[in-house]
Amino acid sequence: MSHFRAFEVEVLRLLGNATLGEAVVAAVCRDAELVSFYHSGVGYFLTVRHHLLPKARAVLSQPMVLGQVGEVAGSYLVFVQDNELMLEYAGTTDVPESVRDLPVRVVAQGAAT
């Protein structure tokens, strides 16, 4: 069972395919074990574990990936270390706890597509 919403899978593909590889990103999206989820009020952190993720630390921030739902806008980052991946969404305003259940529009800026 995936712990990621469809738009988060797109975010992970945009940020992770170049560094982690398409097969690893697909396996993580499909099979990762949930470690934690935390809603901070202005964003959220979703952490999963998968044996194919590297132990070495990597910060995946290119291209800049933005997510917007209604008036709420924010950006995504991915942190990888010790076989774990943390997806961070940081909003520019208060982010509703239900943001992951809303129709988030994902846009990559500066992507070579």
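Above this text sits the structure in question.
What you see as residue numbers is a count from 1 along each chain, following the sequence as written. pLDDT decides what is reported in this predicted model: residues at 70 or higher carry local features, side-chain atom pairs at 80 or more are listed and counted, and totals for whole chains, interfaces and linings draw on all residues regardless. Only heavy atoms go into the side-chain values, all of them from the structure, while hydrogens and water stay out.

**Student:** For this particular structure, what's the right way to read the pairing of strand 1 (residues 33–39)?
**Tutor:** Successive side chains on a regular strand alternate, one facing one side of the sheet and the next facing the other. Here strand 1 runs beside strand 2 (residues 43–49); their pairing, made up of six bridges, is antiparallel. Residue Phe37 lies in a different strand from strand 2, and its bridge partner there is Leu46. In this description, strands pair whenever DSSP reports at least two bridges between them. Every helix listed is a DSSP run of H or I at least four residues long, and every strand listed is a run of E at least two residues long, numbered separately from the N terminus. Hairpin connection between strand 1 and strand 2: a loop of three residues separates the two successive antiparallel strands, and Gly41 in this loop has a positive phi of roughly 105 degrees.

**Student:** Teacher, can you tell me more about the environment of Thr47 here?
**Tutor:** Take Thr47: it is sitting in strand 2. Throughout this description, buried means an accessible area under 20% of the type-specific maximum (1.4 Å probe, protein chains only), exposed means over 50%, and partly exposed covers the range between. For Thr47, a relative accessible area of 10% translates into the label buried. In sequence terms Thr47 and Ala108 are 61 residues apart; their C-alpha atoms lie 22 Å from each other.

**Student:** Quick question: what am I supposed to make of the environment of Val42 here?
**Tutor:** Note that Val42 resides in the loop between strand 1 and strand 2. On the basis of relative accessibility, which here comes to 42%, the residue Val42 falls in the partly exposed class. Separated by 55 residues in sequence, Val42 and Glu97 have C-alpha atoms that sit 9.3 Å apart.

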